[in-house]
Amino acid sequence: MPILKITIGTVSEASHPNSLKAALAEFFSMLIFVFAGMAFSNTRFNFSQCSLQNYKCKLTNDGSSTPAGLVAAALAHAFVLFVAVSVGANIFGGHVNPAVTFGAFIGGHITLLRSILYWIAQCLGSIAACLLLKYATGGQIVMTFGLVYTVYTTALDPKMGNVGIVAPIAIGFMVATNILGGGAFDGASMNPAVSFGSAAVSWTWDNHWVYWLSPFLGSAIAGLVYEVFFIRPSVHQVLPATDY
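All values derive from a computational prediction rather than experimental measurement.

## So, the overall build of the protein
Piece 1. Within the protein one finds 9 helices and 2 strands.
Piece 2. Scanning the protein from its N terminus toward the C terminus, one meets helices and strands in the order α-α-β-β-α-α-α-α-α-α-α.
Piece 3. Counting across all 244 residues of the protein, residues that qualify as buried make up 44%.
Piece 4. Total accessible area on the protein stands at roughly 11800 Å², and carbon and sulfur atoms take up 72% of it.

Below is the structure:
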């Protein structure tokens, strides 16, 4: 029986660099999932008041309170969950949920100590996302971080293996999710060239620098984080697909 495979694990395993790296990946996956999902759920779009330059629409709270809003919220969460699982699959399994981690533990796919490490990372990732949503004024930085992090994980990481085949889908879903929830942050322009084209056509340059600085900062942070923590040579073995 699977339950007979349950193991406690060792302290050395829980403190091993590969375990810590997997927990860090779980942290970022949870941060991306909560940030993008919550950003949409807390907004409702008025498309009649969108501007050409910033793609900015008037927003109110309780974005998922209408039937159309519920459908859009469900799609946004589905898109970002696909991304969150995909970006973690070649590092640790992509649980993105303490209940999933517990199920993997019960089935003998992960030790108790490693599960606890994941639970801590998941909760911290959720807290970080909520703090960013509450206090961040540069939401585009976070959205671009999520996009570039997804690109690194599914397309640029030399260890990606079969995960690479989902790169176009994961990247597209990340963009779609950011667009759905990005209106809360002056539009969802994660591409400075897109913002530039729109500004040039309308000849409206108010605060245009933000649409270059924020994506560049988010991209730089994502690139540095992934290069330093995940692409550097490691003896880490990819967990089997059954881990998630």
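## Let's talk about the nonpolar core
Piece 1. Membership of the largest hydrophobic core comes to 41 residues, with the highest contact counts inside it found for Phe 28, Phe 33, Tyr 149, Met 174, Tyr 226 and Phe 230.
Piece 2. Contributions of two or more residues to this core are made by helix H2 (17–41), helix H3 (67–89), helix H4 (98–106), helix H5 (112–135), helix H6 (139–156) and helix H9 (210–231).
Piece 3. The dominant element in this core, judged by the number of residues it contributes, is H2, at 12 residues.
Piece 4. Apart from residues lying up to four places away in sequence, Met 174 is in contact with Ile 32, Ala 36, Val 80, Val 83, Gly 146, Leu 147 and Thr 150.

## Let's talk about the UniProt feature "transmembrane region" (unreviewed entry) in the protein
Piece 1. Under the local residue numbering, the UniProt record ascribes the feature "transmembrane region" (unreviewed entry) to residues 27–47, 68–93, 99–120, 132–152 and 209–229.
Piece 2. Secondary structure across residues 99–120 divides into 77% helix and 0% strand, with the first and last C-alpha atoms of the span separated by 13 Å.
Piece 3. Helix and strand shares over residues 209–229 are 95% and 0% respectively, and the end C-alpha atoms of the span are 30 Å apart.

## Thoughts on the packing of helix H8 (residues 192–202) against H9
For any two helices packed against each other, one specifies the inter-axial angle together with the distance between the axes.
Piece 1. Running from N to C, H8 and H9 cross one another at 175 degrees; their axes reach a closest spacing of 9 Å. As summarised for this structure, H8 and H9 are arranged roughly antiparallel, according to the angle between their axes. Residues Pro 192, Ser 195 and Phe 196 of H8 touch H9, and the partners they reach there are Tyr 211, Trp 212, Pro 215 and Phe 216.
Piece 2. Of the residues in the contact of H8 with H9, the class split is 6 nonpolar, 1 polar and no charged.

## Focus: a nonpolar patch on the surface
Piece 1. A cluster of nonpolar side chains, Ile 116, Ile 120, Leu 124, Ile 127, Leu 131 and Tyr 135, forms an exposed patch at the surface whose accessible area comes to about 590 Å².
Piece 2. Looking at the element boundaries, Leu 124 is found in helix H5.
Piece 3. Classification of Leu 124 by relative accessible area gives partly exposed; the value is 46%.

## Considering the confidence of the model for the protein
Piece 1. Summary statistics for the protein give a mean pLDDT of 74 and a share of 71% for residues scoring 70 or more.
Piece 2. Segment residues 44–61 is flagged for pLDDT under 50; beyond a separation of four residues in sequence, or across chains, it makes 51 contacts in the model.
Piece 3. Under a pLDDT of 50 for its full length, residues 235–244 has, in the predicted model, 22 contacts with residues more than four places off or in other chains.

## Here's the deal with the packing of aromatic side chains
Piece 1. One pass over the full model with this rule turns up 15 aromatic pairs.
Piece 2. Look at Phe 27 and Phe 28: their rings are 5.3 Å apart centre to centre, the planes differ by 75 degrees, and that puts the pair in the edge-to-face class. You'll find Phe 27 and Phe 28 in the same group, each marked buried.
Piece 3. Between Phe 82 and Phe 173, the aromatic rings sit 5.2 Å apart at their centres with planes inclined by 70 degrees, giving edge-to-face as the arrangement. Taken together, the residues Phe 82 in helix H3 and Phe 173 in helix H7 (residues 167–181) connect sequence positions 91 residues apart.
Piece 4. These aromatic residues form a ring-pair network of at least three members: Phe 27, Phe 28, Phe 145, Tyr 149, Tyr 152, Tyr 226 and Phe 230.

## Looking at H5
Piece 1. In this model, H5 (24 residues) spans 35 Å end to end at C-alpha, consistent with the 34 Å of a helix rising 1.5 Å per residue.
Piece 2. Within the span of H5, buried status applies to Arg 114, Ser 115, Leu 117, Tyr 118, Ala 121, Gln 122, Gly 125, Ala 128 and Ala 129.

## Considering the environment of Gly 108
Piece 1. The residue Gly 108 is located in the loop between H4 and H5 in this model.
Piece 2. Taking the C-alpha atoms as reference points, Gly 108 and Ile 6, 102 residues apart in sequence, are found 4.6 Å from one another.

Cut-offs used in this document
- Residues numbered from 1 in each chain as written.
- Predicted model: local features only at pLDDT ≥ 70, side-chain atom pairs only at ≥ 80, totals over all residues.
- Heavy atoms only, no water.
- Helix = DSSP H or I, 4+ residues; strand = E, 2+ residues; numbered from the N terminus.
- Buried < 20%, exposed > 50% of the residue type's maximum accessible area, 1.4 Å probe, protein only.
- Areas by Shrake-Rupley, 256 points an atom, 1.4 Å probe, with all protein chains shown as cover.
- Core = buried A, V, L, I, M, F, W, Y, C linked by side-chain atoms within 4.5 Å.
- Contact = heavy atoms within 4.5 Å.
- UniProt positions renumbered as here; feature names shortened; annotations may be inferred.
- Axes fitted to C-alpha atoms, helices over the stretch in contact; angles between N-to-C directions.
- Parallel < 35°, antiparallel > 145°, perpendicular 65-115°, else oblique.
- Nonpolar A, V, L, I, M, F, W, Y, C, P; charged D, E, K, R; others polar.
- Patch = residues over 30% accessible without salt bridge, like charges linked within 9 Å, V, L, I, M, F, W, Y side chains within 5 Å.
- Salt bridge = Lys/Arg side-chain N within 4 Å of Asp/Glu carboxyl O.
- pLDDT = per-residue confidence, 0-100.
- Phe/Tyr/Trp six-rings, centres within 6.5 Å; stacked < 30°, edge-to-face > 60°.
- Expected span 1.5 Å × (residues − 1).

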